[in-house]
Every structure is written in structure tokens, then in C-alpha cells.
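Survey of secondary and tertiary structure
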Amino acid sequence: MAKVKIRAFRAKDLKAILRIAKSLGYFSLKDLKNMRQDALKNNCFIASLNSKPVGFIVFKSARPKGKILWLAVNRKAQGFGLGSKLLKRAENRIKARKA
């Protein structure tokens, strides 16, 4: 059984984020450039299966409400609820910052 984990972004995850985004084929080069910058300066969580990054969410948690900037899950890892788990984790972080 695959081990799923949602964890905080680390700078070394940047290549994995861009690899995942590129593999989906619908982000432009400009999107990838912006995604890189956004991941480094905003909140970001990584979804991993068996310790391998397969998805991510980049978001702002500023008041009065947060904003999802980027969300992607590798095609082979889709259908396991990773996108929903990433959204839930971001939502919880945003709610915690409003308190």
C-alpha cells in the first residue's frame, strides 16, 4: 500500500514542483516561471507517495482570505484524493492565520 504524506515545502522540492507541472502539459513557460517565484515566496505544501513528490499546492494565507495560486498532481497519482488533501491542508493553514 502506498504511503501518502502532505508536508511543508522545502527549497529542494522546487525541481519536483516544476517537473510535475511540466509533465501535465498545460502550463506555459511564463506559468512555470511564475510558479517558481510563487513557491519560493508563498506558502506551499507537497504531496508525496512513498516519499516521492507527486503533487503540490502554492497559496497565500493573507487576511482577510487566502488565495490558491497553483495546484497540480502528477497524472499517475491522480484519483487518490491528493488534490483534496492538499486543498484541505491549505484551507486549515489559512483558517489558522485568521484566528
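As shown above, the structure is provided for reference.
Below you will find a few notes about this structure. Owing to the predicted nature of the structure, the values given are computational and were not obtained by experimental measurement. (Residues numbered from 1 in each chain as written. Predicted model: local features only at pLDDT ≥ 70, side-chain atom pairs only at ≥ 80, totals over all residues. Heavy atoms only, no water.)

Observations regarding the packing of aromatic side chains
All chains considered together, the criterion is met by three aromatic pairs. On the basis of an interplanar angle of 25 degrees and a centroid distance of 5.7 Å, the ring pair of F45 and F59 is categorised as stacked. Of this pair, F45 sits in strand β2 (residues 43-49) while F59 sits in strand β3 (residues 52-60), and the two are 14 residues apart along the sequence. Here F45 and F59 have matching classes, each one buried. Through a chain of ring-to-ring contacts, the aromatic side chains of Y26, F27 and W70 assemble into a single cluster. (Phe/Tyr/Trp six-rings, centres within 6.5 Å; stacked < 30°, edge-to-face > 60°. Helix = DSSP H or I, 4+ residues; strand = E, 2+ residues; numbered from the N terminus. Buried < 20%, exposed > 50% of the residue type's maximum accessible area, 1.4 Å probe, protein only.)

Here's the deal with the side chain of D38
Within the secondary structure, D38 is located in helix α2 (residues 29-41). Buried within the structure, D38 lacks any salt-bridge partner; its nearest side chain of opposite charge belongs to K41, at an N-O separation of 4.6 Å. A distance of 2.8 Å separates the side chain of D38 from the side chain of W70, its partner in a polar contact. Not counting residues within four places of it along the chain, the set of residues in contact with D38 comprises V58, L69 and W70. (Lys, Arg positive; Asp, Glu negative; His and termini not counted. Salt bridge = Lys/Arg side-chain N within 4 Å of Asp/Glu carboxyl O. Polar contact = N/O pair within 3.5 Å; in protein donor to acceptor, adjacent residues only side chain to side chain. Contact = heavy atoms within 4.5 Å.)

Things to note about a nonpolar patch on the surface
Side chains of I68, L71 and L87 sit close together on the surface and give an oily, nonpolar patch of about 220 Å² of accessible area. Relative to the elements of secondary structure, I68 occurs in strand β4 (residues 67-73). The partly exposed category is assigned to I68, whose relative accessible area is 39%. (Patch = residues over 30% accessible without salt bridge, like charges linked within 9 Å, V, L, I, M, F, W, Y side chains within 5 Å. Areas by Shrake-Rupley, 256 points an atom, 1.4 Å probe, with all protein chains shown as cover.)

Topic: the packing of helix α1 (residues 14-24) against α2
With their axes 10 Å apart at the nearest point, α1 and α2 run at an angle of 145 degrees to one another. Considering how the two elements wind past one another, α1 and α2 form a crossing that is right-handed. Touching L14, I17, L18, A21 and K22 of α1 are L32, M35, R36, A39 and L40, all from α2. Split by residue class, the contact of α1 with α2 holds eight nonpolar, no polar and two charged. (Axes fitted to C-alpha atoms, helices over the stretch in contact; angles between N-to-C directions. Left-handed = near helix turned anticlockwise from the far one by under 90°. Nonpolar A, V, L, I, M, F, W, Y, C, P; charged D, E, K, R; others polar.)

Some words on unusual backbone geometry
Located in the positive-phi region is N50, a residue other than glycine, with phi close to 50 degrees. Here N50 shows up in the loop between β2 and β3. Positive phi, close to 70 degrees, is recorded for S51, a residue that is not glycine. Following the sequence through the fold, S51 ends up in the loop between β2 and β3.

Focus on the nonpolar core
Buried together is how nonpolar side chains tend to be arranged in soluble globular proteins. Counting residues in hydrophobic clusters, the biggest one holds 17 residues, and the most contacted among them are F9, I17, F27, M35 and F56. Those elements giving two or more residues to this core turn out to be α1, α2, β2, β3 and β4. In terms of residue count, the dominant contributor to this core is α1 (six residues). The residues touching I17, leaving out its near neighbours within four places in the chain, are F9, M35, A39, C44, I46 and F56. (Core = buried A, V, L, I, M, F, W, Y, C linked by side-chain atoms within 4.5 Å.)

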